[in-house]
Amino acid sequence: MMIGKKPLIQVEDVSFQYLVNKDEKIPVLKNISFNIYPGEYVAIIGHNGSGKSTLSKHLNGILKPSQGEVLVNGMNTKEKRLLKRIRQEVGMVFQNPDNQLIATTVEDDVAFGLENTGVPMDEMESRIRFALDVVGMSEMSKRAPHHLSGGQKQRVAIAGIIAMMPKCLVLDEATSMLDTYGRKDILKVIRKLNDDGMAIITVTHHMSEVAEADRVIVIEGGNIVLQGTPREIFQKKAFLQNIQLDVPAASRIAELVHHNHANFNPEIIHSYEIVNEVKRLLKGGENEWR
Amino acid sequence: MAMKPILEIRDLEHVYMKNTPLEHRALSNVNMTINKGECIAIIGHTGSGKSTLIQHFNGLMTPQKGTVIVDGEDVLNSKIDIKALRRKVGLVFQNPESQLFERLIGDDIAYGPLKMGLPIKEVRDRVEWAMEMVGLPFDEMKDRPTYALSGGQKRKVALAGVLALQPEILVLDEPTAGLDPRSKIELLDRIKKLNRKENITIIFISHNLEEVTYMADRLYVMANGTNIIDGTPSEIFSNKNILKENNIGTPETVEILYLLQDAGFSIDSRQYEVDGVANQISSILQYFQEVRANGISV
């Protein structure tokens, strides 16, 4: 996979333990290894307590491995002097929009990260304009962040990261507190960023969001237990349900229809594919779905 | 079954920072009638007033204008026993697990009943009942430390803490946000059981429409501080125009039905469960197969 391309993030045999009461250790990650390549769209899934959030916090050095290494463009997250550069390459957006905005206007909030990086003033302005434009918040640049909706707040938080021009954006359950519309807004922005070449790593419980990714990493008990495309992963419904996960509604519907109509493709994962499949069969598509 | 309203909201209004430049009207003309034993969902955008509204249900906020009547009693009545009101109406906030403060699970759940001054035996019975209701085995879990629990388990502990006060109305703000699919369905089934078996009236805020269709007898849609429509989930979700006008969005399964409709197929938008959608698609395919078998071109 991606032969010839140099990985953007290398996670090499990473283990992590939380220390409680001085000598009692709770292992959270166990010997995890994987690479993230430039421009990839990867979803990390797993149940509450599986270690996926802990893992995502390793990707830009918020947490450091107890054993093993994480390299971002070759820079080791254990080296303190490299952290600033690492975080310019890999930005992170978290679950709660209210905990991420600090300034009194939207544009000041986006500017905040840049102010500490020594970017010249005029470039700062153009980057802020660009970032707000990408997330569709240009019109609201003078508004107070705390009066925005949850989806709008998350878009501002993402703009703050985009302004730093990172190579990778990590979303740690960034849509879990948003309503359907807010979530769709964010997914659109993410899709656009990825189309423009930014690597995306999303940690989520929403299986319809997972379906958007190129590759899925499934975490259970601090180990990677499954990896593949969304379509491959969602064929393992029993396995996923056994580790407290699920498949998108479109997959469940496709499976049921397939039982009655063997020609109906059971490997569907997107809503729009259901409609296309119905049309295909009606156009005389007596052929096998394969 | 004779329906008796357990909660009535009449023309409720709330303005934050009134008479200041930052004045913000959070609620206006809110009207709701909720009957004993119902399971009610409140949906609407961030900022539509949902969280402000539910704080009026147990007297955390009192009406600036309008009336809130709980079980026949006006919350503005000066003689109302506010402690009794708060026991009657249990409020579970968003991410309640962040409010656990005792070291052991059992102690955390016992805190409320102890503060009520109940005899120790009764406290113990209530803690046991509450823990079993949320699916935490009493003997096994009561002496476990709260910090070593997963997110889903912590949320169960927080819910048990409110249940131990034996409320008649349980109000939950986004009860499953951030939980994985299995923890989500487990918690929802627990809440459903409280509703069906213990006849506790449930009112919950949610932006997860799958969850709303799974749980609610009726739902209220809030927008710009007022309730604009209410009805059964199938009434609301089969009304495409209302959904669109108010940016409500649809459960994934309803979305699939509407995509089929847009493509020219006739569908019944009330049959939106996974099975219902699959059956409708199978019938469409079946119908066209028969048509073709009879030699009629499609």
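Since the model is a prediction, treat every value here as computed from it, not as a measurement. (Residues numbered from 1 in each chain as written. Chains lettered and ligands numbered in written order. Predicted model: local features only at pLDDT ≥ 70, side-chain atom pairs only at ≥ 80, totals over all residues.)

Which parts of the structure should I look at to understand the packing of helix H3 (residues 106–115) of chain A against helix H5 (residues 150–162) of chain A?
Each packed pair of helices is defined by two parameters, the angle between the axes and the distance between the axes. Residue and element names in this part refer to chain A. Where H3 meets H5, the axes come as close as 7 Å, and the angle between the chain directions of the two elements is 35°. Regarding H3 and H5, the two cross each other, and that crossing is right-handed. Between H3 and H5, the contacting residues are Val106, Asp109, Val110, Phe112 and Gly113 on the first element and Val156, Ala159 and Gly160 on the second. Partitioning the contact of H3 with H5 into residue classes produces five nonpolar, two polar and one charged. (Axes fitted to C-alpha atoms, helices over the stretch in contact; angles between N-to-C directions. Helix = DSSP H or I, 4+ residues; strand = E, 2+ residues; numbered from the N terminus. Left-handed = near helix turned anticlockwise from the far one by under 90°. Contact = placed C-beta atoms within 7 Å. Nonpolar A, V, L, I, M, F, W, Y, C, P; charged D, E, K, R; others polar.)

I'm lost on the pairing of strand E10 (residues 226–231) of chain B in this one. Help?
A regular strand places its side chains so that they alternate between the two faces of the sheet. Inspection of the sheet shows strand E9 (residues 218–223) of chain B paired to E10(B) by five bridges, in the antiparallel sense. Along E10(B), the bridge assignment pairs B:Ala223 with B:Thr226. (Pairing = 2+ DSSP bridges.)

Please explain the confidence of the model for chain B as it appears in this structure.
In low-pLDDT segments, the atomic positions of the prediction should not be examined closely. Chain-level pLDDT for chain B is 90 on average; 98% of the residues reach the 70-or-more range. Per the prediction output, this complex has pTM 0.84; the corresponding ipTM is 0.83. (pLDDT = per-residue confidence, 0-100.)

So what exactly am I meant to see when it comes to the sheet that holds strand E2 (residues 24–35) of chain B here?
In sheet architecture, strand pairing relies on hydrogen bonds along the backbone and comes in two forms, parallel and antiparallel. Residues and elements named next belong to chain B. Reading across the sheet, the four strands line up as E2-E1-E4-E5 and stay open at both edges, with antiparallel pairing between neighbours. Edge strands, defined here as strands with exactly one partner in the open sheet, are E2 and strand E5 (73–74). Sheet analysis places strand E1 (residues 5–16) next to strand E4 (residues 65–70), joined by five bridges and oriented antiparallel. Note that in E4 the partner of Arg10 across the bridge is Thr67.

What exactly am I supposed to notice about the packing of helix H10 (residues 249–260) of chain A against helix H11 (residues 252–262) of chain B here?
Close contact between H10(A) and H11(B) brings their axes to 9 Å; oriented N to C, the two are set at 65°. Crossing of H10(A) against H11(B): the hand is right-handed. Within the contact between the two elements, H10(A) uses A:Ala249, A:Ala250 and A:Ile253 and H11(B) uses B:Glu252, B:Thr253 and B:Ile256. Each residue belonging to the contact of H10(A) with H11(B) can be placed in one class, and the counts come to four nonpolar, one polar and one charged.

Explanation requested: the nonpolar core in the structure shown.
The nonpolar side chains of a soluble globular protein tend to be buried, and buried together. In this structure, A:Ala159, A:Cys168, A:Ile253, B:Ile40 and B:Ala160 are the most contacted members of the largest nonpolar core, which totals 155 residues. Built from parts of two domains, this core gets at least three residues from each of domain 1 (9–247) and domain 2 (248–290) of chain A. Those residues in contact with A:Ala159 that lie beyond four places of it in its chain are A:Val110, A:Ala131, A:Leu132, A:Val134, A:Val135 and A:Met137. (Core = buried A, V, L, I, M, F, W, Y, C linked by C-beta atoms within 7 Å. Buried ≥ 20, exposed ≤ 12 C-beta atoms within 10 Å, placed from the backbone. Domains from an automatic or database assignment.)

Quick question: what am I supposed to make of the pairing of strand E7 (residues 168–172) of chain A here?
All names here are of chain A. For E7, the buried fraction is high: five of the five residues fall into the buried class. Here E7 shows a buried face lined by Cys168, Val170 and Asp172 and a second buried face lined by Leu169 and Leu171. Relative to E7, strand E6 (residues 90–93) is paired through four bridges, and the arrangement is parallel. Along E7, the bridge assignment pairs Val93 with Leu171. When E7 meets strand E8 (residues 199–203), the two strands line up parallel, connected through five bridges.

Can you walk me through unusual backbone geometry in this structure?
For residues that are not glycine, phi is negative in most cases, and the peptide bond is trans in most cases. Residues and elements named next belong to chain B. Of note in the backbone geometry, Asp71 takes a positive phi value of approximately 50° without being a glycine. Here Asp71 is to be found in the loop between E4 and E5. Residue classification places Asp71 among the partly exposed residues on the basis of 16 C-beta atoms within 10 Å. Look at Asn199: it is not a glycine, yet its phi comes out positive at around 55°. The class of Asn199 is exposed, set by 10 C-beta atoms lying within 10 Å.

What am I meant to see in the domain arrangement of chain A here?
The accessible area lost on association of the parts is a frequent measure of interface size. All names here are of chain A. Taken domain by domain, chain A comprises domain 1 (9–247) and domain 2 (248–290). A C-alpha centroid distance of 33 Å is found between domain 1 and domain 2. Facing eight residues of domain 1, the contacting portion of domain 2 comprises six residues. Elements represented by at least two residues in the side of domain 1 that touches domain 2 include exactly helix H7 (207–210) and helix H8 (230–234). Here the side of domain 1 that touches domain 2 takes three residues from H8, the largest share from any one element. Its residues placed into classes, the side of domain 1 that touches domain 2 shows five nonpolar, two polar and one charged.

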